[in-house]
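What follows is each chain in one-letter form.
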Amino acid sequence: MKKIFITLILMLFCPGIHAEITPQDNNLFLMKSGSFHSQGNLLDRYTCDGRDISPQLSWEGIPSQTKSLALTFVDLDAPSGSFYHWVIYNIPPQVNSLKEGISLFPPPIVMGMNSWNKKQYNGPCPPAGATHYYVFTLYALDQMLTPAKKFNINQLMNQIQKHLLDKIELGVSYGR
């Protein structure tokens, strides 16, 4: 009953999120985007050189025991190490896509702090003449996360690792 209620709330009040009543259980965890091809190049519109909006993402085949999902978008080529452009967690397992440009999420979904110390999507912005490799990672977790008030990315990733059931990655490049 609780799953149906959350699904209905998401469908009615958050048009950027698509939800299904039950997660798929085909044991083939997949993620894709209608905004770019895996291992392809990200369009300017999703970067600091364009509209700087989030791309469309969808997934299927989450493990049946999933209680929540988390999503990160990371620059793996940043000079300082992993640079987080987008962090979202406590996504209900009924949610199976995010529309392009989504920026607001209803509870229990939480937008975490990115590496710019902002709770938002900030697209790729590599230095001129450089091409960086970025990865969207979707994590299937065995529980909702309960962060402390000052929850940094390292603490979040530690909690994710403790509760990880499965994960899927979708890579893309962007250069200037």
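Here, the structure is the one placed above.
Right, let's walk through the structure included here. (Residues numbered from 1 in each chain as written. Predicted model: local features only at pLDDT ≥ 70, side-chain atom pairs only at ≥ 80, totals over all residues. Heavy atoms only, no water.)

Observations regarding the pattern of salt bridges
Moving on, step 1. Summed over all chains, the structure comprises three salt bridges.
Moving on, step 2. The shortest N-O distance in the salt bridge between glutamate 100 and arginine 45 comes to 2.9 Å. Here arginine 45 lies in the loop between strand E3 (40–41) and strand E4 (57–60) and glutamate 100 lies in the loop between strand E7 (95–98) and strand E8 (110–111), a separation of 55 residues in the sequence.
Moving on, step 3. Classification of glutamate 100 as partly exposed rests on a relative accessible area of 35%.
Moving on, step 4. The exposure class of arginine 45 is partly exposed, given its relative accessible area of 29%. (Salt bridge = Lys/Arg side-chain N within 4 Å of Asp/Glu carboxyl O. Helix = DSSP H or I, 4+ residues; strand = E, 2+ residues; numbered from the N terminus. Buried < 20%, exposed > 50% of the residue type's maximum accessible area, 1.4 Å probe, protein only.)

Quick look at the nonpolar core
Moving on, step 1. Within the largest apolar cluster, 30 residues are counted, with the highest numbers of intra-cluster contacts made by Trp59, Leu71, Trp86 and Phe136.
Moving on, step 2. Elements with a minimum of two residues in this core: E4, strand E5 (68–75), strand E6 (83–91), E7, strand E9 (131–141) and strand E10 (164–175).
Moving on, step 3. Val87, Tyr89, Leu156 and Met157 belong to the second-largest nonpolar core, a separate cluster that totals 13 residues. (Core = buried A, V, L, I, M, F, W, Y, C linked by side-chain atoms within 4.5 Å.)

Structural notes on the sheet that holds E10
Strands belonging to one sheet form pairs held by backbone hydrogen bonds; the direction of such a pair is parallel or antiparallel.
Moving on, step 1. Spatial strand order, E3-E10-E9-E5-E6-E8: six strands in an open sheet with mixed pairing. Of all strands in the sheet, those bounded by a partner on one side alone are E3 and E8.
Moving on, step 2. Where E9 lies against E10, eleven bridges are found, and the strand directions are antiparallel. Bridge assignment links tyrosine 134 to a residue of E10, and that residue is valine 172.
Moving on, step 3. Across the face of the sheet, helix H2 (residues 153–162) comes into contact with E5, E6, E9 and E10 while running at roughly 50° to E6. (Pairing = 2+ DSSP bridges. Contact = heavy atoms within 4.5 Å. Axes fitted to C-alpha atoms, helices over the stretch in contact; angles between N-to-C directions.)

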